[in-house]
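# Understanding the architecture of this molecule
Take a look at the letters that make up each chain.
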Amino acid sequence: SVNVDQAFGGGSKTLIMHTVPESRASAFVSSKSYLESCDVAVLVYDGSIEGTFADTVRLYDVLSSARSTLPIIFVCSKADLPQATQVCEDGSTPEAFCESHGIPEPQRISMKEGETASIYEMLVGVGLNPQVAVPGLVIGSSFYDSYAIPTLKAIGIVSAIGLVGYGSKKLYDRLKNPKSVQN
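A short tour of the structure in this document, coming up. (Residues numbered from 1 in each chain as written. Predicted model: local features only at pLDDT ≥ 70, side-chain atom pairs only at ≥ 80, totals over all residues. Heavy atoms only, no water.)

## Details of the environment of Asn129
Selection rule: Numbered from the N terminus, helices here are DSSP runs of H or I no shorter than four residues, and strands are runs of E no shorter than two. Between buried and exposed lies partly exposed: a residue is buried under 20% and exposed over 50% of the maximum accessible area for its type, with that area taken using a 1.4 Å probe on protein chains only.
Secondary-structure assignment places Asn129 in the loop between helix H5 (119–128) and helix H6 (142–154). Accessibility expressed as a relative area gives 24% for Asn129, which makes it partly exposed. Separated by 58 residues in sequence, Asn129 and Pro71 place their C-alpha atoms 9.2 Å apart.

In structure tokens form, the structure reads like this:
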């Protein structure tokens, strides 16, 4: 449960996250029912490893082609580590890419430092206001009314797709139980 401020109606909203491992990303993207069940897709890249943003941009392109009304958010993990150079194939930075596509710039988080940039509240906000991350989405359009509104009223479902999830999971496991994880 995530507490949200009055801008999102106040109270508490339920946030359900489903991680899709890289090995299952193809099946996820090709399944209409999986894509339709998502209110927000979160693409996670490792800010400390060069080129990981470019990898997530390729997934962004696939997702936005498969479902143009799906809000997509980028998250830069490991913000506590020295940041590597991240550029797209066209040479643009993550911030420039997001700006040119009319979506929020990447949210920087560090699980190690506990810096989550209010990511959960932001995801609920995007789920409730998808036009923030979907350029050209018109609230009141027949697609939006027939698919998004019923889903958003019931629950905010967030699909987290991380091409670099393994590294984040390993770090989490190490922090949670340092003796059981071997290098």
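And the narrative resumes.
## Let's talk about the environment of Glu89
In plain terms, the rule: Nitrogen and oxygen atoms within 3.5 Å of one another constitute a polar contact, given that in protein one can donate a hydrogen and the other can accept it, and given that sequence-neighbouring residues count only through two side-chain atoms.
Residue position: Glu89 is located in the loop between strand S5 (72–77) and helix H4 (94–101). Judged by its relative accessible area of 71%, Glu89 is exposed. Engagement of the side chain of Glu89 in a polar contact is seen with the side chain of Arg58, the distance being 2.9 Å.

## Quick notes on the nonpolar core
Here is the rule: Within this scheme, the nonpolar core is defined by two criteria: the residues are buried Ala, Val, Leu, Ile, Met, Phe, Trp, Tyr or Cys, and they are joined through side-chain atoms within 4.5 Å.
Counting 21 residues, the largest nonpolar core has Leu63, Phe74 and Phe97 as the members making the most contacts within it. For this core, the secondary-structure elements that each account for two or more residues are helix H1 (25–30), strand S4 (40–46), helix H3 (52–66), S5 and H4. Core analysis: the second largest hydrophobic core is formed by 11 residues, Val42, Val44, Met122 and Ala133 among them.

By themselves, these observations are geometric and do not establish any function.
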